[in-house]
Amino acid sequence: MMPRSQRLALWCLALALTLPLYIKGRIPTPQGEDAAFSRFTGQTVTVRLTGDLPRPGVYRFPKGVAAVAAIKMTLPVAEVAASVRGSDTRELTSGDVVAISRDRSGKYKFLLSNMAIKERMLLGVPLDPDLLSEAEWVLLPGIGAALSRRIIEDRQENGAFGAVEGLLRVPGIGPGKLAAIKRYF
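Remember, it's a predicted structure, so these values are computed and weren't measured experimentally.

This part covers the sheet that holds strand S1 (residues 44–51). Pairing is mixed in the open sheet, where four strands are placed in the order S2-S1-S3-S4. At either margin of the open sheet sits one strand with a lone partner, and together these are strand S2 (57–62) and strand S4 (108–114). Pairs of neighbouring strands in the sheet enclose a mean axial angle of 30°, with direction left out of account. Direction of pairing for strand S3 (residues 96–102) relative to S4: antiparallel, over a ladder of seven bridges. Following the sheet pairing, Arg-102 is matched in S4 by Tyr-108.

A word on the side chain of Thr-46. Here Thr-46 shows up in strand S1. With relative accessibility at 4%, the residue Thr-46 sits in the buried group. Ignoring sequence-local partners within four residues, the contact set of Thr-46 consists of Val-58, Tyr-59, Arg-60, Thr-93, Ser-94, Gly-95, Asp-96, Met-115, Leu-123 and Val-125.

Taken residue by residue, the protein chain gives an average pLDDT of 80. The fraction at 70 or more is 82%. Ranking the elements of the protein chain by mean pLDDT puts helix H3 (residues 78–82) last, at 48, and helix H6 (residues 145–158) first, at 93. Taken as a whole, residues 29–38 scores under 50 in pLDDT and shows 14 contacts with residues more than four places along the chain or in a different chain. A low-confidence stretch, residues 78–82 stays under pLDDT 50, and its non-local contacts, those more than four residues away or across chains, total four contacts.

Moving on, we get to the nonpolar core. As a rule of thumb, soluble globular proteins bury nonpolar side chains together. Counting residues in hydrophobic clusters, the biggest one holds 18 residues, and the most contacted among them are Leu-127, Trp-137, Leu-140, Ile-143, Ile-151, Leu-167 and Ile-173. Going through the elements one at a time, helix H4 (117–123), H6 and helix H7 (175–181) are the ones with two or more residues in this core. Counting 16 residues, the second-largest nonpolar core is a separate cluster that includes Val-47, Phe-61, Ala-69 and Ala-70.

Right, let's talk about the environment of Trp-137 for a bit. With respect to the helices and strands, Trp-137 occurs in helix H5 (residues 134–138). Distance from Trp-137 to Leu-147, taken between C-alpha atoms, is 8.5 Å for residues ten residues apart in sequence. Residue contacts for Trp-137: discarding those within four places in its chain leaves Pro-129, Leu-132, Ile-143, Ser-148, Ile-151, Ile-152, Arg-155, Leu-167, Ile-181 and Phe-185.

The rules behind these values
- The residue count restarts for each chain, going from 1 along the sequence in the order it is written.
- Local features are withheld for residues below a pLDDT of 70 in this predicted model, meaning they are given only at 70 or higher, and side-chain atom pairs are given and counted only at 80 or more; totals for whole chains, interfaces and linings count all residues.
- Note that the side-chain values use all heavy atoms of the structure and ignore hydrogens as well as water.
- Strand pairing is assigned whenever DSSP identifies at least 2 bridges connecting the two strands.
- Put simply, DSSP H or I for four residues or longer makes a helix, DSSP E for two residues or longer makes a strand, and each gets a number counted from the N terminus.
- Axis angles are defined between N-to-C directions and span 0 to 180 degrees, where every axis is a line fitted to C-alpha atoms and, for a helix, only to the segment in contact.
- Exposed residues in this analysis have more than 50% of their type's maximum accessible area, buried residues have under 20%, and partly exposed residues fall in between, with area computed by a 1.4 Å probe over protein chains only.
- Here, residues are in contact when the closest pair of their heavy atoms is within 4.5 Å.
- Values of pLDDT, the confidence the predictor places in each residue, fall between 0 and 100.
- Nonpolar cores are built from buried Ala, Val, Leu, Ile, Met, Phe, Trp, Tyr and Cys residues. Side-chain atoms within 4.5 Å join them into one set.

In structure tokens form, the structure reads like this:
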């Protein structure tokens, strides 16, 4: 059994180490500044990080995280994370790809793009019917080249679908076909 004075000393040491982190995570920070603890809301975005990273791959981040903050969360050393360049404070959305590379001076830079539709479908990232191309529509089950062409023509003539239910106005898409593809949207 540990003497009472040692237990008290260990308890005070633990409190002294965790209190600054707790306070930093609770104080509102300016937009774009990282907090010690992420304010997890239960909502996440699925993002793929590629390039010059120790562990590239697919990550889930809290909704509302900026690209620079996501990169800093994945880089192993604070000095390296501090060298990330990029002024894009846009919030990441599901299906984004963040490609990270180093320039000649050794500083990290990043480029944002979107995942391919197949990857989005496999990861369960919702698709947007207003942004899919003719070639991408063909990849969905039950949608062939002719129907894909009709979907694009309808969108060009009548405007955005707004939601997947808007596809019902396209000849060849009924409730059954809509039910088959709805899980991707």
